Amino acid sequence: MAMEKTFDAAEAEARIHDAWERSGAFAAGANASREETFCIMIPPPNVTGSLHMGHAFNNTLQDILVRWHRMRGFDTLWQPGQDHAGIATQMVVERELAKAGAPGRRELGREAFTAKIWEWKAQSGGTIVNQLKRLGASCDWSRNAFTMSGAEGAPAGESGNFHDAVIKVFVDMYDKGLIYRGKRLVNWDPHFETAISDLEVENVEVAGHMWHFRYPLAGGATYTYVEKDAEGNVVLEEERDYIAIATTRPETMLGDGAVAVHPSDERYAPIVGTLCEIPVGPKEHRRLIPIITDEYPDPAFGSGAVKITGAHDFNDYQVARRGGIPMYRLMDTRAQMREDGLPYAEAAAVAQAVAQGARSLTEAEADALNLVPDHLRGLDRYEARKRVVQEITDDGLAVMVPVPPEASEGEVCLDGGMMPLVENKPIMQPFGDRSKVVIEPMLTDQWFVDTARIVGPALDAVRDGTVKILPESGEKTYYHWLENIEPWCISRQLWWGHQIPVWHTPGFGDEWRSFCAATEEEALRKMHDFFGEEAEFLMVEDAAAAEDMLADLLQNGTDYTGVDQRHRAQAIPVFRDPDVLDTWFSSGLWPIGTLGWPEKTPELQKYFPTDVLVTGQDILFFWVARMMMMQLAVVEEVPFHTVYLHGLVRDAKGKKMSKSLGNVVDPLEIIDEYGADALRFTNAAMASLGGVLKLDMQRIAGYRNFGTKLWNACRFAEMNEAAGRDLSSGDRPAPAVTLNRWILGETARVRETVDAALAEYRFNDAANALYAFVWGKVCDWYVEFSKPLFASEDAAVAEETRDTMSWVIDQCLLMLHPFMPFITEELWGTLGSRDKMLVHGDWPDYGTAELLDPAADAEMTWVIALIEGIRSARAQMHVPAGLHVPVLVTEFDAAARAAWAANETLIMRLARLEGLSEVPSFPKGCVTVPVGGATFGLPLADIIDVDAERDRLEKALAKLGKELGGLRGRLKNPKFVESAPEEVVEETRDNLAAREEEEAKLKEALARLIELG
């Protein structure tokens, strides 16, 4: 049956993917014919996720590598799976419950709520898997993994051991002292009431304010404040009884522990070491804080003095740690001003004693101290900000400046024509990427990995070349992160996730004691070992319930204060730590966890370490580096040998895709319109190592046309009985005709190019080589040149050409398959009867040494160069397309003469020539076309209007020259290059390159015209 006229991607893709899956084509080890293994771990998308362009790009590259290795006979595994995505999943389910009018998370309680999440996961959690299948991802879907499989409450079908692996690693690292609980500053999301990672924070420029305030010196002290210019001349000298600071968050002043200045700042040298007063709160209880020196303040920025609020700012936190400054937390988990603790007067007295060196506080004691004035307690942080600003201003402690003439009505003005100094300026504000609320740096108790103790092997593995990061610039980033690593916060205040396997009980004295174990039974065993076999334990819900129970026990005379009480039978309250593990902790175990560790599974022994990780450069630290550290710490092996990093997929102009710009592209819509193959080939073609990834819809349309070109070439081959032919033993044809010998050599060339490019992860080079070969060499030149051979009276020539074309078409399908799997699989099955599907086709291994025929290559290269040269000259001179023109030739050597004679009919037809005349020299009015061994001339003076054409080209060049001048001027301007958005600079460079290329073509055309005289 004859082929359909076109490829119906919408109908064929689902059918073909189902056939692959039914046949087990993607199973680990399928089509293996050699001992070498090849394994890729999919970067697990969130279980809540849907396919976006980043997924489509990333998974296309992985699939190309996997299909390439599978066709070469490697024992291949592409391991799929999803991440449980703590915050994202909890948010989705809470939103769904609210929509349905069902009880919320807190009404349901932890166990019932997590059961609802499992229900949601069963119904909707597979969305992205089905979307990846639409892309053609050839993962072993039978092994689909999930980072919460096997967790408490998991339903049937979720019984894997990933959860067990995560818990085992936590317990082992805890027992080794690599995991601990401590108080540090974290990104706090007030909406979800949890710590979040830096990657979940979006820094957005917003309109903001900078308030300037005076901190009076203690006891009314004064000093001479002197400002000097760059030459050392005094420009201001006055007596001051204050130090000025500027802040964008006045509400945090309540928690200040110090004011810092740079050690070199001479202006404040007289008052370093003295105390100043925080200008807010009841006057009778205003706190004094020290003025200290630190390298952090910039003398040239603002006043050069910085308030240090260690519990609410990351920079201040480091200063406070260096200087031993107490850190006072002001807000609760909802970012409201705290209401707990001592009355303000008592708390302020304690802080005052600390500032004066009369007492010290432990970290916990400082955190417990609530320094929010009583009248501000319970307020939202922004309402508290308004009140603080107003109180300071009313108290006359705002820095004042003259009212400018342009000041609008309503601005705060005081007597004497002065007003508070408040700068309106853009500021970078951190927002939760999901909650969309402003993130609050918050000092909280969290669980941490002591990364400094496990980072060394991960650094060494890259330094010694055991692991290669591509592009090389990624290595510098990797070193920067790991050489300056901080403790890793691994706890989240959520319910969906791996609950931390630690149980807490009262210890002795005021301390609580923690027991880490994989199960509750093991934890109880450890408690009995500590408290004695006679001890009784009662599991309670949380710390509050344990404290209530403990208070009752103490009231009833139970004594927990001495070691001698250890063996008494006691009813001891016990609660499990409520936090769950950060998803980056569990996904850090992805390579070994998906292969069955801690069991010594056959898959673990066969496929670990894996081969290459393909991922985005934005998670080099958050995921890649942590996988390195975790695997080396747990199994003392690197998880992979190569890391291929890519950037964000941007729009055609290089701009980041965002909903606000309206330039987000849905890959599923692209697949619906153009087919998955066109999207995949586009992804590969733009995947230059380290390059900017610009998605151009015109390019996608062009690669759909490429698929159509291939389809039409196959239809031509089928109509000429030159497709799917059985070459009996499967041997390659051994043609005698020059054209057929030439195309075999070209096929060998491209095979070597593609293999070399894929081996070095140069996906764009492989795609571009295939495009040039399939479209240019096969579908254009070979198909066109073969037509007279099929019509030859010599039956042997026609049969040889059928065999050769059939083999070449098959080679095109084999080599294109990793890039365009659907259309190639359809053609493979349509064109002939095959022993197996193309997905398991045998990747070619021949080379140019076997197939390249130098004589045939030289002849056909000469013919193609001549036809292309004549076509180019005709196009540049605007010769009418259908007009056949005469051609002249000089310096005709023997090889060129023979090539012309053998291919004269083709050359004349394809170049639209009407006759060849050999002349000693060209007459005036000829455009020359030099090729090897000959120079051809087209007499065009009487065919085109030379003057009009020259005038057109000169005007075009003049206009283009102005454009080029403007573009070059912009790029030579340092201010433009430094300050303009990256995508704008890149777009300007691309525009310049395109215009320069256009200019070169116009100049070449003008030079040809000059030849005509």
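Check the entry above for the structure.
K.L.:
What am I meant to see in the overall build of the protein chain here?
P.N.:
When helices and strands are tallied, the protein chain shows 32 helices and 34 strands. The buried share of the protein chain, taken over its 1013 residues, is 53%. Put simply, of all contacts in the protein chain between residues at least 6 apart along the chain, 77% involve residues at least 24 apart. In the form shown here, the protein chain has an accessible surface area of approximately 44300 Å², with 49% of it arising from carbon and sulfur atoms. One finds the centroid of the 101 positive side-chain charges in the protein chain at a distance of 3 Å from the centroid of its 157 negative side-chain charges.

K.L.:
I tried to follow the pairing of strand E34 (residues 934-939) on my own but got confused; where do I start?
P.N.:
For a regular strand, side-chain orientation follows a simple rule: the groups alternate between the two sheet faces. Burial runs high along E34: five of the six residues are buried. Pairing geometry for strand E31 (residues 885-890) and E34, over three bridges, is antiparallel. Paired with Val889 across the bridge in E34 is Phe936. Here strand E33 (residues 926-931) runs beside E34; their pairing, made up of six bridges, is antiparallel.

K.L.:
How should a negative patch on the surface be read in this particular structure?
P.N.:
Taken together, Glu541, Asp542, Glu547, Asp548 and Asp552 make up a surface patch of like negative charges. Among the structural elements, Glu541 can be located in the loop between strand E24 (536-539) and helix H15 (543-555). Judged by relative accessible area, which is 70%, Glu541 ranks as exposed.

K.L.:
Is there a simple way to think about the packing of aromatic side chains in this case?
P.N.:
By convention here, two paired aromatic rings are described through the distance between centres and the angle between planes. Throughout the structure, instances matching the rule amount to 39 aromatic pairs. Ring centres 5.6 Å apart and planes at 75° place the aromatic pair Phe621 and Phe622 in the edge-to-face group. Exposure class is identical for Phe621 and Phe622. Each is buried. Aromatic pair Trp781 and Phe785: ring centres 5.5 Å apart, planes at 45°, arrangement tilted. With a gap of four residues between them, Trp781 and Phe785 both fall in helix H24 (residues 763-790), about one helical turn apart. Pair check on accessibility: Trp781 and Phe785 agree, each one buried. Among the aromatic side chains, those forming a connected cluster through ring pairs are Phe681, Tyr703, Phe706, Tyr771, Trp775 and Phe819. The residue whose ring lies beneath Arg72 is Trp68, and the NZ or CZ to ring-centre distance is 3.9 Å.

K.L.:
Hey, could you run me through the sheet that holds E34 in this one?
P.N.:
Strand-to-strand pairing in sheets goes through backbone hydrogen bonds, with the strands running parallel or antiparallel. With mixed pairing, four strands are arranged side by side in an open sheet as E32-E31-E34-E33. Edge positions in the open sheet fall to strand E32 (913-918) and E33, since each of these has one partner strand only. Strand after strand, the sheet turns through a mean of 25° between neighbouring axes, direction not considered. Its contacts with the sheet put helix H28 (residues 854-876) on E31, E32, E33 and E34, and the angle it makes with E33 is roughly 155°. Along the sheet face, helix H29 (residues 894-910) touches E31, E32 and E34 and points at about 160° away from the line of E32.

K.L.:
Which parts of the structure should I look at to understand the pattern of salt bridges?
P.N.:
Taken as a whole and assessed by the stated rule, the structure comprises 65 salt bridges. Across the pair Asp579 and Arg181 runs a salt bridge, and its minimum N-O distance is 3.8 Å. Of this pair, Asp579 sits in the loop between strand E25 (571-576) and strand E26 (580-581) while Arg181 sits in strand E5 (residues 179-189), and the two are 398 residues apart along the sequence. Asp579 sits in the buried class, given a relative accessible area of 7%.

K.L.:
What should I look at first to understand the environment of Glu21 in this one?
P.N.:
Position of Glu21 relative to the elements: it lies in helix H1 (residues 9-22). On the basis of relative accessible area, Glu21 is assigned to the partly exposed category, the value being 32%. Taking the C-alpha atoms as reference points, Glu21 and Gly966, 945 residues apart in sequence, are found 56 Å from one another. Once you skip the residues sitting within four places of it in the chain, Glu21 turns out to touch Phe26, Lys133 and Trp141.

K.L.:
It is not clear to me how the packing of helix H12 (residues 455-463) against helix H13 (residues 473-483) should be interpreted in this structure. Could you clarify?
P.N.:
Axis angle and axis distance: for two packed helices, these are the angle between their axes and the distance between the axes, and together they describe the pair. Where H12 meets H13, the closest approach of the two axes is 10 Å, and the angle between their N-to-C directions is 160°. Taken as axis vectors, H12 and H13 run roughly antiparallel relative to one another. Considering only the axes of H12 and H13, their crossing is left-handed. From H12, Val455, Ala458, Leu459, Val462 and Arg463 reach across to H13, where they touch Glu475, Tyr478, Tyr479, Leu482 and Glu483. For the contact of H12 with H13, the residue count by class is seven nonpolar, no polar and three charged.

K.L.:
Any chance you could explain the nonpolar core here in plain terms?
P.N.:
One broad trend across soluble globular proteins is that nonpolar side chains are buried collectively. By size, the foremost hydrophobic cluster in this structure holds 207 residues, and its most contacted members are Phe585, Trp862 and Phe936. Ranked by the residues each element gives to this core, the list is headed by H24, at 15 residues. Ranked by size, the runner-up nonpolar core spans 39 residues in total, among them Met253, Ile278, Ile291 and Leu379.

K.L.:
Explain the sheet that holds strand E17 (residues 422-432) here, please?
P.N.:
Pairing is antiparallel across the open sheet formed by three strands, whose spatial order is E10-E7-E17. Looking along the sheet, the strands with just one partner apiece sit at the ends: strand E10 (242-247) and E17. Sheet twist, expressed as the mean angle between neighbouring strand axes with direction ignored, is 30°. Relative to E17, strand E7 (residues 201-216) runs antiparallel, the two being bridged by 11 bridges. Of the residues in E17, the one forming a bridge with Val201 is Gly432.

K.L.:
Help me understand the packing of H13 against helix H19 (residues 620-634) in this model?
P.N.:
Packing of H13 against H19 leaves a shortest axis separation of 11 Å and a crossing angle of 80°. Relative to H19, the element H13 lies roughly perpendicular. Facing H13, whose interface residues are Gly474, Thr477, Tyr478, Trp481 and Leu482, H19 presents Leu620, Phe621, Ala625 and Met628.

K.L.:
Just checking my understanding: could you explain the side chain of Glu13 for this structure?
P.N.:
On the secondary structure map, Glu13 appears in helix H1. Here the side chain of Glu13 touches Ala676 through a polar contact of 2.8 Å, landing on its backbone nitrogen. In this structure Glu13 touches Arg134, Ile671, Gly675, Ala676, Asp677 and Phe822, once residues within four positions along its chain are discounted.

K.L.:
When you look at the state of the cysteines in this model, what are you seeing that I'm missing?
P.N.:
Here, disulfide denotes a covalent bond that connects the sulfur atoms of two cysteines. Tallied over the full model, the rule gives zero disulfides. A disulfide-free cysteine, Cys139 has its sulfur positioned 11 Å from the sulfur of Cys39, the nearest such atom.

K.L.:
Mind showing me how you'd approach helix H22 (residues 697-719) here?
P.N.:
The terminal C-alpha atoms of H22, which comprises 23 residues, lie 33 Å apart, in line with the 33 Å expected from a rise of 1.5 Å per residue. All buried positions along H22 are accounted for by Ile700, Ala701, Tyr703, Phe706, Gly707, Leu710, Trp711, Ala713, Cys714, Phe716 and Ala717. Buried-residue contacts for H22 involve helix H20 (667-674), helix H21 (676-685), H24, helix H25 (795-816) and helix H26 (821-831). The residue sitting at the N-terminus of H22 and contributing the capping side-chain oxygen is Asp696; that oxygen lies 2.9 Å from the backbone nitrogen of Gln698. Once H22 finishes, Glu721 follows within two positions and takes phi at roughly 55°, a positive value.

Thresholds, definitions, all that
Residues numbered from 1 in each chain as written. Predicted model: local features only at pLDDT ≥ 70, side-chain atom pairs only at ≥ 80, totals over all residues. Heavy atoms only, no water. Helix = DSSP H or I, 4+ residues; strand = E, 2+ residues; numbered from the N terminus. Buried < 20%, exposed > 50% of the residue type's maximum accessible area, 1.4 Å probe, protein only. Contact = heavy atoms within 4.5 Å. Areas by Shrake-Rupley, 256 points an atom, 1.4 Å probe, with all protein chains shown as cover. Lys, Arg positive; Asp, Glu negative; His and termini not counted. Charge placed at Lys NZ, Arg CZ, Asp CG, Glu CD. Pairing = 2+ DSSP bridges. Patch = residues over 30% accessible without salt bridge, like charges linked within 9 Å, V, L, I, M, F, W, Y side chains within 5 Å. Salt bridge = Lys/Arg side-chain N within 4 Å of Asp/Glu carboxyl O. Phe/Tyr/Trp six-rings, centres within 6.5 Å; stacked < 30°, edge-to-face > 60°. Lys NZ or Arg CZ within 6 Å of the ring centre and 35° of its normal. Axes fitted to C-alpha atoms, helices over the stretch in contact; angles between N-to-C directions. Parallel < 35°, antiparallel > 145°, perpendicular 65-115°, else oblique. Left-handed = near helix turned anticlockwise from the far one by under 90°. Nonpolar A, V, L, I, M, F, W, Y, C, P; charged D, E, K, R; others polar. Core = buried A, V, L, I, M, F, W, Y, C linked by side-chain atoms within 4.5 Å. Polar contact = N/O pair within 3.5 Å; in protein donor to acceptor, adjacent residues only side chain to side chain. Disulfide = S-S within 2.5 Å. Expected span 1.5 Å × (residues − 1).

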